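Report on the structure
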Amino acid sequence: MTGSGGARKYGAMRLDGAVALVTGASSGIGAATATALAGAGTSLLLSGRDEARLAEVAGRTGGVALRCDLAVPGGAADLAWQALTTAGGGIDILVNNAGLGWAGPVGEIPAAKVTELATVNLAAPIELTRLLVPGMIERGRGGVAFVSSIAGVTGVRGEAVYAATKAGLATFAESLGYELHGRGVGVSVIVPAVIDTPFFSRRGRPYGRARPAPVPAERVAAAIVSALEHGRPVVYVPRWMRIPAWLHGAAPGTFRALAARFGDPGY
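Below you will find a few notes about this structure. (Residues numbered from 1 in each chain as written. Predicted model: local features only at pLDDT ≥ 70, side-chain atom pairs only at ≥ 80, totals over all residues. Heavy atoms only, no water.)

**What to know about unusual backbone geometry**
Heads up, the rule is: Numbering of helices and strands runs from the N terminus; a helix is a DSSP stretch of H or I covering at least four residues, while a strand is a stretch of E covering at least two.
Cis geometry marks the peptide bond from Val237 to Pro238, where omega comes out at -5°. Relative to the helices and strands, Pro238 resides in the loop between strand S9 (234-237) and helix H9 (242-250).

Right, here's the structure in full:
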């Protein structure tokens, strides 16, 4: 398996023939992204915790399933080694999608869970990027997509640790984009709001609001593909989430007042 994806212009990727590593690919956004990238002609390397589901996604998309656990020490480095060994010619696209959540008062989150969220949501994407991006720079082509969250932009009641990891991920991606400008490697941050995936049941508390309604994971996958193809640095899903993000930055006092009034611990 060798990569042949190339940049048409700065920040843009040709997906047909490129080799992509997608983390968290066994379900939700990751599985939908694998399907979308396969449809664009991309060769896939897929990682995820659920081996049975990952094998199904790999079989359906023609991808290669790579066994790893990003939560354990050395997990990200092991995944990078597997990916580079399997790809042979290098990785053209890295989709840092794997993520974990937890909901509840900050005093109730176990210390081990704090470490797990910080490792999977932030440290592992940084490590994968550190190990795989130099090859992209050397070849003069590549794309890295980070799946963040609106929680990392505005903060969310009852999800302080999760929100902090996603904010850190977005800031890392922005800084990386400045570093890689003009070097043929694009960096994109995808900012989903409420997405219809197993995330909420796995975090320990189901989504409990009528609005905003969850949107399909396929919409996020389409946003990731578009961001890679066209070199878009930041994409909100759905697009109207740019409004609260803008208000948070432009009028933080007003935003905090509205959040205090309408915020919901079940969000």
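Next comes the rest of the account.
**Examining a positive patch on the surface**
Our working definition: Without a salt bridge and with relative accessible area above 30%, a residue can belong to a patch; like charges are then joined within 9 Å and nonpolar side chains (Val, Leu, Ile, Met, Phe, Trp, Tyr) within 5 Å. Accessible surface is estimated by sampling points in the Shrake-Rupley manner with a 1.4 Å probe; for residues, cover comes only from the protein chains shown. Within this document, salt bridges are pairs made up of a side-chain nitrogen of Lys or Arg and a carboxyl oxygen of Asp or Glu, the two lying within 4 Å of each other. Charge assignment in this entry is limited to Lys and Arg as positive and Asp and Glu as negative, and neither His nor the chain termini are counted. Here the site of a charge means NZ on Lys, CZ on Arg, CG on Asp, or CD on Glu.
Among the surface-exposed residues, Arg219, Arg232, Arg239 and Arg242 lie close enough to one another that they form a single positively charged patch. Its location among the elements puts Arg242 in helix H9.

**Some remarks on helix H1 (residues 28-39)**
What counts, and what does not: Here, expected helix span is obtained from the residue count minus one, scaled by 1.5 Å. Each residue is assigned to one of three classes by its accessible area relative to the maximum for its type, calculated with a 1.4 Å probe on protein chains only: buried under 20%, partly exposed between the two thresholds, exposed over 50%.
For H1, which comprises 12 residues, the first-to-last C-alpha distance of 17 Å matches the rise-based estimate of 16 Å (1.5 Å per residue) to within 8%. Within the sequence span of H1, burial applies to Ile29, Gly30, Ala31, Ala32, Thr33, Ala34 and Leu37. Positioned one or two residues after H1, Gly41 has a phi angle of 90°, which is positive.

**Observations regarding the packing of H1 against helix H8 (residues 217-230)**
Our working definition: Axis definition: a line fitted to C-alpha atoms, limited for helices to the stretch in contact. Angles are taken between N-to-C directions and run from 0 to 180 degrees. Throughout, the term roughly parallel applies to angles under 35 degrees, roughly antiparallel to angles over 145, roughly perpendicular to angles from 65 to 115, and oblique to all others. If you view the pair so one helix is near and one far, a crossing is left-handed when the near helix is turned anticlockwise from the far one by less than a right angle, and right-handed when it is turned clockwise. Any pair of residues with heavy atoms lying within 4.5 Å of one another is described as a contacting pair.
At a minimum axis distance of 8 Å, the contact between H1 and H8 shows a crossing angle of 50°. The pairing of H1 with H8 is recorded here as oblique in orientation. Handedness of the H1/H8 crossing: right-handed. The segment H1 lies against H8, with Gly28, Ile29, Ala32, Thr33, Ala36 and Leu37 engaging Ala217, Glu218, Val220, Ala221, Ile224, Val225 and Leu228.

Purely spatial values, then, with no claim about function.
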